[in-house]
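# Breakdown of the fold
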Amino acid sequence: MRIGFYPGTFDPVTRGHGDIIRRALRLVDRLVIGVAINRDKGPLFTLEERVDLLRADIGAICGEDADRVDVEPFEDLLMHRAQQVGATIIIRGLRAVADFEYEYQMVGMNRALNDEIETVFLMAEAEHQAIASRLVKEIARLGGDVSRFVTPRVNEALKGKYGG
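Notes on the structure follow. Predicted model only: the values in this text are computed from it and were never measured. (Residues numbered from 1 in each chain as written. Predicted model: local features only at pLDDT ≥ 70, side-chain atom pairs only at ≥ 80, totals over all residues. Heavy atoms only, no water.)

## So, the overall build of the protein chain
If you tally the helices and strands in the protein chain, you get 6 helices and 5 strands. In sequence order, the secondary structure elements of the protein chain are arranged as β-α-β-α-β-α-β-α-β-α-α. Expected size for 164 residues packed as a compact globule is a radius of gyration near 15 Å; at 15 Å, the protein chain falls within 12% of this value. Taken over the C-alpha atoms alone, the protein chain extends approximately 45 × 35 × 30 Å along its principal axes. Long-range contacts, defined here as pairs at least 24 residues apart, represent 75% of the contacts in the protein chain between residues at least 6 apart. Split by element, the accessible area of the protein chain, about 8900 Å² in all, is 50% carbon and sulfur. Across the protein chain, the mean location of the 22 positive side-chain charges is 3 Å away from that of the 26 negative side-chain charges. (Helix = DSSP H or I, 4+ residues; strand = E, 2+ residues; numbered from the N terminus. Rg over C-alpha atoms; globule rule 2.2 N^0.38 Å. Contact = heavy atoms within 4.5 Å. Areas by Shrake-Rupley, 256 points an atom, 1.4 Å probe, with all protein chains shown as cover. Lys, Arg positive; Asp, Glu negative; His and termini not counted. Charge placed at Lys NZ, Arg CZ, Asp CG, Glu CD.)

Below, the structure written as structure tokens:
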């Protein structure tokens, strides 16, 4: 069984993330989505909220493939968690060249830690390339409509955070 690990903060999960999740399922038998704590980013949603939002929307994101997806929090080293879940592939989504520069460095470090786990980059579909969680939060904070960038559940959660 080929297991993939898709790590991220998902603060919040966007339609761009959903695109990567659906496409990753074409490459693996099982996908584990690791929701990282990452206190350095100062997340809007708590770890529990981010995990709950992803779990609640995984059916809407993946349809009949939802049973092949697990969502779990993690705080340890990415490569350690990937090993723990039995992953042979780490999935990373790219939107732009700037993403690649950062990810390229990470791949080098990850391969030094465990060269048995490959990293696969998936380019976001054109309609999702501009979607970044950071921008979605900024638009929502300023009262803009983010409904086309996130699921209805995430949209409502953002309104709840910003009083919309």
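## With respect to helix H2 (residues 47–62)
Spacing of three or four residues puts side chains on the same side of an α-helix, whose turn is 3.6 residues. Helix length check: H2, at 16 residues, gives a terminal C-alpha distance of 22 Å against a target of 22 Å (1.5 Å per residue), a fit within 8%. Maximal helix bending in H2 amounts to about 40 degrees, located at Ala56. Turning to H2, its buried residues are Leu47, Arg50, Val51, Leu53, Leu54, Asp57, Ile58, Ile61 and Cys62. At its buried positions, H2 is contacted by helix H1 (15–24), strand S2 (30–36), strand S3 (69–74) and helix H6 (152–162). (Expected span 1.5 Å × (residues − 1). Bend = angle between axes of the 7 residues up to and from the residue. Buried < 20%, exposed > 50% of the residue type's maximum accessible area, 1.4 Å probe, protein only.)

## Re the side chain of Arg50
Tracing the backbone through its elements, the reader meets Arg50 in helix H2. Lacking a salt bridge, the buried Arg50 has Asp11 as its closest oppositely charged neighbour, with an N-O distance of 4.3 Å. Once you skip the residues sitting within four places of it in the chain, Arg50 turns out to touch Thr9, Phe10, Asp11, Val35, Ala36, Ile37, Pro43 and Phe45. (Salt bridge = Lys/Arg side-chain N within 4 Å of Asp/Glu carboxyl O.)

## A look at the packing of H1 against H2
For the pair H1 and H2, the least separation of the axes is 10 Å and the interaxial angle reads 65 degrees. Crossing geometry of H1 relative to H2 is assigned as right-handed. The segment H1 lies against H2, with Gly18, Ile21 and Arg22 engaging Leu54, Ile61 and Cys62. Class assignment for the residues of the contact of H1 with H2 results in 4 nonpolar, 1 polar and 1 charged. (Axes fitted to C-alpha atoms, helices over the stretch in contact; angles between N-to-C directions. Left-handed = near helix turned anticlockwise from the far one by under 90°. Nonpolar A, V, L, I, M, F, W, Y, C, P; charged D, E, K, R; others polar.)

## Digging into the pattern of salt bridges
Applying the stated criterion to the full structure yields 13 salt bridges. In this structure, Asp65 and Arg68 form a salt bridge, with 3.5 Å as the shortest nitrogen-oxygen distance. Residue classification places Arg68 among the partly exposed residues on the basis of a relative accessible area of 23%. A salt bridge links Lys159 to Glu156; the shortest N-O distance between them is 3.7 Å. Placement of both Lys159 and Glu156 in helix H6 is noted, with a separation of 3 residues, approximately one turn of the helix. The network of salt bridges with shared partners includes Asp19, Arg23 and Glu125.

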